[in-house]
Amino acid sequence: MSGSCTYCGRDFSAANPRTVEHLVPMARGGSRCDPENRGESCAECNAAKGTMTDEEFRAQLRNEAFFDHARPAIKPAMTDPVERTIAEALDRAGIEWVGDTDPRAKRLDFFLPIENVHIEVKRFHTDRTAEQMERSENIIVVVGLAAARAFARMITKRDDG
Ligand SMILES: [Zn+2]
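Procedures and definitions
- Residues numbered from 1 in each chain as written.
- Predicted model: local features only at pLDDT ≥ 70, side-chain atom pairs only at ≥ 80, totals over all residues.
- Helix = DSSP H or I, 4+ residues; strand = E, 2+ residues; numbered from the N terminus.
- Buried ≥ 20, exposed ≤ 12 C-beta atoms within 10 Å, placed from the backbone.
- Contact = placed C-beta atoms within 7 Å.
- Pairing = 2+ DSSP bridges.
- Axes fitted to C-alpha atoms, helices over the stretch in contact; angles between N-to-C directions.
- pLDDT = per-residue confidence, 0-100.
- Parallel < 35°, antiparallel > 145°, perpendicular 65-115°, else oblique.
- Nonpolar A, V, L, I, M, F, W, Y, C, P; charged D, E, K, R; others polar.
- Core = buried A, V, L, I, M, F, W, Y, C linked by C-beta atoms within 7 Å.
- Expected span 1.5 Å × (residues − 1).

This part is about the overall build of the protein chain. Counting secondary structure elements, the protein chain contains five helices and eight strands. Mapped from its N terminus to its C terminus, the protein chain presents α and β elements in the order β-β-α-α-β-β-α-β-β-β-α-β-α. A burial count over the protein chain gives 22% of its 161 residues as buried. Taking the intrachain contacts of the protein chain between residues at least 6 apart in sequence as the baseline, contacts between residues at least 24 apart amount to 43%.

What follows is about the sheet that holds strand β8 (residues 139–143). Read from one edge of the open sheet, four strands run β5-β6-β7-β8, paired in mixed fashion. The open sheet has two free edges, formed respectively by β5 (98–99) and β8, since each of these has just one partner strand. Those strands touched by helix α3 (residues 81–92) are β6 (110–112), β7 (117–122) and β8, and its axis lies near 145° from that of β7.

Of all residues in the protein chain, 85% attain a pLDDT of 70 or more, and the chain-wide mean is 82. Confidence, read as mean pLDDT per element, is least for strand β3 (residues 66–67) in the protein chain (47) and greatest for β6 (94). Here residues 65–74 is a poorly scored stretch, pLDDT under 50, and it has 30 contacts once near neighbours within four places are set aside; other chains count.

Regular strands place side chains that alternate from one sheet face to the opposite one. Pairing analysis gives three bridges linking β6 to β7, with the strands arranged antiparallel. Pairing of Leu112 across the sheet is with Val117, part of β7. Hairpin connection, β6 to β7: the antiparallel pair is bridged by four residues, and Asn116 has positive phi, about 55°. Two elements, β7 and β8, share five bridges in a ladder whose sense is parallel. Residue pairing for β8: Ile119 is matched across the bridge by Ile140.

Where α3 meets helix α5 (residues 145–154), the axes come as close as 9 Å, and the angle between the chain directions of the two elements is 5°. Comparing the axis directions of α3 and α5 gives the class roughly parallel. Between α3, through Pro81, Val82, Thr85, Ile86 and Ala89, and α5, the contact on the second element is made entirely by Leu145, Ala148, Arg149, Phe151 and Ala152. Looking at side-chain class alone, the contact of α3 with α5 contains eight nonpolar, one polar and one charged residues.

So, on to the nonpolar core. Counting residues in hydrophobic clusters, the biggest one holds twelve residues: Val82, Ile86, Ala87, Trp97, Ala105, Leu108, Phe110, Phe111, Ile119, Val121, Val142 and Ala148. Those elements giving two or more residues to this core turn out to be α3, β6 and β7. A per-element tally of this core places α3 first, with three residues. Other than its neighbours up to four places away in sequence, Val82 contacts Val121, Arg123, Leu145 and Ala148. One finds Tyr7, Cys42, Cys45 and Ala48 within the second-largest nonpolar core, a separate group that totals six residues.

Before going further, it helps to spend a moment on α3. Three or four residues apart is the spacing at which side chains of an α-helix point the same way, because the helix has 3.6 residues per turn. An ideal rise of 1.5 Å per residue puts 16 Å on twelve residues; α3 measures up with 16 Å between its terminal C-alpha atoms. Residues Val82, Glu83, Thr85, Ile86 and Ala87 constitute the buried set of α3. Considering only its buried residues, α3 is in contact with β6, β7, β8 and α5.

Looking now at unusual backbone geometry. Positive phi is not limited to glycine here, since Arg107 has a value of about 60°. Within the element layout of this structure, Arg107 appears in the loop between β5 and β6. You will see that Asn116, though not glycine, has its phi angle at about 55°, which is positive. Looking at the secondary structure, you find Asn116 in the loop between β6 and β7. Taking the C-beta count within 10 Å as the criterion, Asn116 has 11 such neighbours and is therefore assigned exposed.

Printed below as a string of C-alpha cells:
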C-alpha cells in the first residue's frame, strides 16, 4: 500500500489502511459518487472525522489535540508545544494520564486518574479559564511556556518502592 493520509500524513499500512472518505459526508448531503467529493484518509482519521466536513475536521485538527493512532480514544498526540512539554514529562515520570479526548478529562487538557487531578495548560491567559475552572474541584493550571517547562522539570518519577 502506498500513499499517505491527507489529514495526519501517516503512510497507509496494513495496520492503518487507506479509506475512501467523503469530503462532505453523505449524512450532510455530500455525494457518494462524485469524484470531487472523494478523498483518501487513513481509517483512524476517517473514523475521527465522522460526519464532519473536510473543512470542519481540518479546523478541529488545527485547534485541538489529535488522536494518537496507537490509543485513539485516550492519548491525543500533542500538537501544542506547551501541552507536549507536560505530556512528555508525565510519560517520562510514568504518571498515568489521559487527554481531553477522554470524557474523564472533562475537556481539560490532562486528567490523572490515580491522583484524581486535572491539568489545564495554556500558552496565554484567556477569558475561558474561569469557566474551565468550574469543571472540577482539583485542577492544576499552567500558563505560559516558561511555566510549563518549570512544571515539567518538577514532575519526577514516583518512588513506588
Ligand atoms: Zn490519518
